[in-house]
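Spelled out from the first residue to the last, the chains are:
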Amino acid sequence: MKFAYKFSNLLGAVYRQGNISFSRDGNAVVSPVGNRLSIFDLKNNTSETLPLSTEKNITSVGISPNGNLAIVVDEDGAALLVSLITRAVLHHFHFHKPVHSIRFSPDGRKFVVTKENVALLYHAPGKQREFNAFVLDKSYYGPYDETTCIDWTDDSKCFVVGSKDMSTWVFGAERWTNLIYYSLGGHKDVIVGCFFEKDSLDLYTVSQDGTLCVWESDTELDALVLKNKNDKTKKPNQGEDDEEEEEEDVEGTQEGEVIRGKAQTSKNQEKTKNVRYKQMGKHFFNKERDFNNLTAAAYHKATHILVTGFASGIFHLHELPEFNLIHSLSISDQKIASVALNNSGDWIAFGCSGMGQLLVWEWQSESYVFKQQGHFNNMASLAYSPDGQYIATGGDDGKVKVWNTNSCLCFVTFTEHTSSISNVVFTSSGFVVVSASLDGTVRAFDLHRYRNFRTFTSPRPAQFSSLAVDVSGELVSAGAQDSFEIFLWSMQTGRLLEVLGGHEGPVSCLCFSPVQSILASSSWDRTIRMWDMLNSWQVKETIHLTSEALSVAYRPDGQELAVATLNGEISFWNPNTAAQVGSVAGRHDLETGRKETDKVTAKQLSKAKCFTSLCYSADGESILAGGQSKFVCIYNVKEQLLLKKFEVSCNLSFDGMEEFLDRRKMTEFGSLSLVDEGAGDKDGVSISLPGVRKGDMSSRNFKPEIRVSSLRFSPTGRSWAATSTEGLLIYSLDGSLVFDPYDLDLDVTPASIHTQLRLKEWTSAIILAFRLNEKALKQEVLEAVPHDQIQVVCGTLPDIYVEKLLGFIAECLEKSGHLQFYMTWAQSLLMLHGQKLKNRSGAVLPTLQALQKSIQRHWDNLSKLCDFNLYNIRYAVALSKQRGMKRVADQENSEEEEEDEGEEEEDEQLSEMSQASLDDKEMSEML
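Residues numbered from 1 in each chain as written. Predicted model: local features only at pLDDT ≥ 70, side-chain atom pairs only at ≥ 80, totals over all residues. Heavy atoms only, no water.

### Considering the packing of aromatic side chains
Then step 1. Going through the model one piece at a time under the given rule, you end up with 38 aromatic pairs.
Then step 2. Ring geometry for Phe95 versus Tyr122: centroids 5.7 Å apart, planes at 75 degrees, classification edge-to-face. Placement of the pair is Phe95 in the loop between β9 (88–94) and β10 (99–104) and Tyr122 in strand β12 (residues 118–123), with a sequence separation of 27 residues. Of the two residues, Phe95 and Tyr122, both sit in the buried class.
Then step 3. Consider the rings of Trp720 and Tyr731, whose centres lie 4.6 Å apart with planes at 10 degrees: the pair is stacked. Within this pair, whereas Trp720 is found in strand β59 (residues 719–724), its partner Tyr731 is found in strand β60 (residues 728–733), the two being separated by 11 residues in sequence. Both residues of the pair, Trp720 and Tyr731, count as buried.
Then step 4. Through successive ring pairs, a cluster of aromatic residues spans Phe93, Phe95, Phe104, Phe111, Tyr122 and Phe134.
Then step 5. One residue, Arg36, lies across the ring of Phe7, its end atom 4.0 Å from the ring centre. (Phe/Tyr/Trp six-rings, centres within 6.5 Å; stacked < 30°, edge-to-face > 60°. Helix = DSSP H or I, 4+ residues; strand = E, 2+ residues; numbered from the N terminus. Buried < 20%, exposed > 50% of the residue type's maximum accessible area, 1.4 Å probe, protein only. Lys NZ or Arg CZ within 6 Å of the ring centre and 35° of its normal.)

### As for the environment of Pro461
Then step 1. As for its position among the elements, Pro461 is in the loop between β39 (451–457) and β40 (464–469).
Then step 2. On the basis of relative accessible area, Pro461 is assigned to the exposed category, the value being 82%.
Then step 3. Each C-alpha atom of the pair Pro461 and Thr441 lies 8.8 Å from the other, and the pair is 20 residues apart in sequence.

### Quick word on the sheet that holds strand β47 (residues 538–544)
Whether parallel or antiparallel, the strands of a sheet pair through hydrogen bonds between backbone atoms.
Then step 1. Spatial ordering of the open sheet is given by β44-β45-β46-β47, a layout of 4 strands whose pairing is antiparallel. Both outer strands of the open sheet, β44 (507–512) and β47, are each paired with one neighbouring strand and no more. Pairs of neighbouring strands in the sheet enclose a mean axial angle of 20 degrees, with direction left out of account. (Pairing = 2+ DSSP bridges. Axes fitted to C-alpha atoms, helices over the stretch in contact; angles between N-to-C directions.)

### Describing the side chain of Ser719
Then step 1. With respect to the helices and strands, Ser719 occurs in strand β59.
Then step 2. Among the polar contacts listed, one links the side chain of Ser719 to the side chain of Tyr384, at a separation of 3.5 Å.
Then step 3. Excluding residues within four positions of it along the chain, Ser719 makes contact with Tyr5, Tyr384, Phe713, Ser714, Ile730, Tyr731 and Ser732. (Polar contact = N/O pair within 3.5 Å; in protein donor to acceptor, adjacent residues only side chain to side chain. Contact = heavy atoms within 4.5 Å.)

### Digging into the nonpolar core
Then step 1. One finds Ile766, Leu782, Leu797, Leu805, Ile809, Trp825 and Leu829 to be the most contacted residues of the largest nonpolar core, which totals 37 residues.
Then step 2. Considering every element that reaches this core, the biggest residue donor is helix α7 (residues 799–815), with 9 residues.
Then step 3. When residues no more than four places from it in sequence are discounted, the contact partners of Ile766 are Val781, Leu782, Val785, Val793, Leu797 and Trp825. (Core = buried A, V, L, I, M, F, W, Y, C linked by side-chain atoms within 4.5 Å.)

### With respect to the sheet that holds strand β27 (residues 324–330)
Then step 1. An order of β24-β25-β26-β27 is seen for the 4 strands of this open sheet, with the pairing classed as antiparallel. The two strands at the open ends of the sheet, each matched to only one other strand, are β24 (294–300) and β27. Looking at each pair of strands side by side, their axes are set apart by 15 degrees on average, direction ignored.
Then step 2. In this sheet, β27 lies alongside strand β26 (residues 314–319) in antiparallel orientation, the contact comprising 6 bridges. When the sheet's bridge partners are listed, Phe315 is paired in β27 with Leu329.

### Observations regarding the pairing of strand β43 (residues 496–500)
Then step 1. Of the strand pairs in this sheet, strand β42 (residues 486–490) and β43 are connected by 4 bridges, and their pairing is antiparallel. In the strand pairing of β43, Ile486 is matched with Leu500.
Then step 2. Turn length for the β42-β43 hairpin, with the two strands adjacent in sequence and antiparallel, is 5 residues, and the turn residue Gly494 shows positive phi of about 80 degrees.

### What to know about the pairing of β9
Then step 1. The pairing of strand β8 (residues 78–83) with β9 spans 6 bridges and is antiparallel. Considered in β9, the bridge of Leu80 is made with His92.
Then step 2. Taken together, β8 and the strand that follows it, β9, pair antiparallel across an intervening segment of 4 residues, in which Arg87 is found at a positive phi of about 60 degrees.

### Topic: the packing of helix α4 (residues 762–772) against helix α5 (residues 775–784)
Then step 1. Direction vectors running N to C along α4 and α5 enclose 165 degrees, while the axes themselves pass 9 Å from each other. As summarised for this structure, α4 and α5 are arranged roughly antiparallel, according to the angle between their axes. The hand of the α4/α5 crossing is left-handed. When α4 is examined against α5, the residues Trp762, Ala765, Ile766, Ala769, Phe770 and Leu772 are found in contact with a partner set consisting of Leu777, Lys778, Val781, Leu782 and Ala784. (Parallel < 35°, antiparallel > 145°, perpendicular 65-115°, else oblique. Left-handed = near helix turned anticlockwise from the far one by under 90°.)

### As for the pattern of salt bridges
It is possible for side chains of opposite charge to pair when their charged atoms get near one another.
Then step 1. Evaluation of the coordinates by the stated rule reveals 18 salt bridges.
Then step 2. The shortest N-O distance in the salt bridge between Glu726 and Arg36 comes to 3.8 Å. With Glu726 in the loop between β59 and β60 and Arg36 in strand β4 (residues 36–41), this pair connects stretches of sequence that are 690 residues apart.
Then step 3. Taking relative accessible area as the criterion, Glu726 reaches 0% and is therefore assigned buried.
Then step 4. The residue Arg526 makes a salt bridge to Glu548 at a minimum N-O spacing of 3.6 Å. Of this pair, Arg526 sits in the loop between β45 (518–523) and β46 (527–532) while Glu548 sits in the loop between β47 and β48 (549–554); the two residues are 22 residues apart in sequence, bridging distant segments of the chain.
Then step 5. On the basis of relative accessible area, Arg526 is assigned to the partly exposed category, the value being 39%.
Then step 6. If you follow the salt bridges from partner to partner, you end up with Arg103, Asp151, Asp154 and Lys301 in one network. (Salt bridge = Lys/Arg side-chain N within 4 Å of Asp/Glu carboxyl O.)

### Focus: the packing of helix α3 (residues 750–758) against α5
Then step 1. Where α3 meets α5, the closest approach of the two axes is 11 Å, and the angle between their N-to-C directions is 5 degrees. With respect to their mutual orientation, α3 and α5 come out roughly parallel. Side by side, α3 and α5 meet where Pro750, Ile753, His754 and Leu757 of the first sit next to Leu777, Glu780, Val781 and Ala784 of the second.

### Examining the confidence of the model for the chain
Then step 1. Chain-level pLDDT for the chain is 82 on average; 82% of the residues reach the 70-or-more range.
Then step 2. Note that pLDDT drops below 50 for residues 232–248; the model gives that stretch 67 contacts with residues more than four away or on any other chain.
Then step 3. Low pLDDT, under 50, characterises residues 676–688; the predicted model gives this stretch 18 contacts beyond four residues in sequence or across chains. (pLDDT = per-residue confidence, 0-100.)

### Describing the environment of Asn535
Then step 1. The topology assignment puts Asn535 in the loop between β46 and β47.
Then step 2. The exposure class assigned to Asn535 is partly exposed, which follows from its relative accessible area of 41%.

### Topic: the state of the cysteines
Then step 1. One pass over the full model with this rule turns up 0 disulfides.
Then step 2. The thiol of Cys615 is unpaired, and the distance to the nearest cysteine sulfur, on Cys511, comes to 9.7 Å. (Disulfide = S-S within 2.5 Å.)

### Digging into unusual backbone geometry
Then step 1. In this structure, the amide linkage connecting Leu320 to the following residue, Pro321, adopts the cis form with an omega of 5 degrees.
Then step 2. Summarising the element assignment, Pro321 is placed in the loop between β26 and β27.
Then step 3. The phi angle at Glu116 is positive, at roughly 50 degrees, despite the residue not being glycine.
Then step 4. Along the chain, Glu116 turns up in the loop between β11 (110–115) and β12.
Then step 5. Residues other than glycine seldom take positive phi values, yet Ser156 does so here, at roughly 65 degrees.
Then step 6. Checked against the element boundaries, Ser156 lands in the loop between β14 (147–152) and β15 (158–163).
Then step 7. Residue class for Ser156 comes out buried when judged on its relative accessible area of 10%.

What follows is the structure, given as structure tokens:
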């Protein structure tokens, strides 16, 4: 199973450069992250990184109108045709030059690619299989400088291209008689966006200096006339105002037709009415506020909404063609590199390459739909939570981020540190993250209330380079790299308990024993010291090494210690006897690449490389090692052999990737990479001025070097993670591709398993299914067992299959909807075989943690649903009580009214009787 780890996902980075796009339904955002492509599902709040990569960073992505295909192009012009349904690469192609933008036609039959000053029209790949999926149809020449942006008309008849020479060119996708090409001027800076109006040839063009031009065409789309193939007469297009008269020049080549626009006066007279444009308006964005340059633009044709992003992090929403300002907001302090709108026009996606931000804004409700940001600089360390559900990362930007392994999204960021994070650790409870920083503090963060509740400091200022927390979560230790001391604090009180001195060099790594109160510390003084926490913090053992120690790790059972040293070796020690039990020479397994400025070969360079991070697997049989290389090595501890090497990146945009010297960069004066381009008058000095927040003209870009800074195995044993220059890479077990039968016989067949099911021999059917070890068959047999027979089957199951069945239940429970059924299986197995599992706790621990992770995930989801239903029930009960009280009050009022009416009737009767008696008395007196 160790050979089945596959790249699963990329965390820690959500956007680097290039254009972001929405999916067809508008519920997902496709974002280029380095040389990989990530898809963020906005409805389900999850992310996925496609299992593909280009040779260099991705610069442009084009998605077909039906959302099935994507064309991904990197910095050198190498393209991949990708199926977004199967996540597979269908075709490779190379444009040989950097590509700025790519856009499919609305009917999906063609797509346009812009490179240098030419626009290339290709036939889009069809549904049938093709030997060459990229067939060139036409090449359009016209601009004198690089092209920047593309847009199509709704009927796919024409497209428009913007250029750096401040001109905009309208081309016909077919051979139209009255429109071959048309040039528009009117701008004084680079064209950032050009957009057609809906079902029209009318245009909007936006330039970098914040100018919007509105162009009106005198011809409708239906008035375009297809040119007869036999008609070879050249017909010019004439412009007005800022436009110049153009003459077409069409050449037939093997690579398709070549159409060249010429800025010269035509000698022929017009025989047909050609398409003409007229500038109807010119609008300027508010320049009183410091917007700097307009860097990105997007237009939604149905709602007439124009979105523009600026270098200062501000974006505008305007309604066209009136240019009414709807909304303006500052979302970042870095420039907005890319803008996209979904099909409905409700959501706007922004990509900020400087901070690595990806935002989705709903402009009508003025609220965030999605907001993610990776680490600004390199990621320094990571830690898994005890149940494997969360990953905490620390970076050079001083931020601590916590990621959900199920959704692969960051849900909380702590920014209390003021310097680089050197290490992060989870406590045993899983709800506290402890981080050490070079700012001289160790901080503890509560994941219940999302706050920093403890801050540990040393008596004298010190830079903490290592961190460890004991199994109980009570002791926090940190090693200083300048004073060579180890500090111990109490988590409960926050007080400093002890300062451990004895090392004669910087403390490189700390690690607590999982079973004892022993702290192991590695140092540059070539020693490993083991401190007894129960016996006055005295040194229990001292292990002397032959080289400087860089990393130390305990095996999960605490019976072995692994140490990585500067000479590239990994040595294994018995912590009880301080005796060495084995070693691995891993220097040659690193295979480091040479930098562009290196003068030595990669083979000589690898002699100085070493492992800087170690981690045991969950079962303790293997160890992961990574360092200053693009490779992560996994070794078998017992056999001391290399099992497999994982290449964390193949991105040539990083430094230290190429093994051989590129002779194309060699000149008679040496390598071009040694030339300091930032020292000239154009870019100023190579170091940015201190204190300058924006507008710094002296900063320059550099090539980051590929390296692995931290490695951790998931407690469930199903995955492992590595922090590298590229981001947080997760490798998980691909169980569907692994066939690992157990105790296979001739009678172990699917037919015999189904026979046992028909005979209702549940135990034997389960045993046969686990011997064949096919997931679908195991799930079928397990779900065929009646619910009232689960406990009986668990009691008669052999011990060897209990752990296998428990692991399979943990795997199924993570994605299945039969919660009660699988929970009954888990409960019966644990109740009946709990004592036997406890005796083998070391081997069964990863399985139990996987089960805990699945149960915890369902508990979190169901608890939210139950709380919501509980509030609804309470509201309904309160409402019914209120209505009942109102009904009772109404009844009481009605009864009182009836009583009042009865009293009034009695009074009337008495008055009538008295009146009658008076009348009788008067009559008697008269008589």
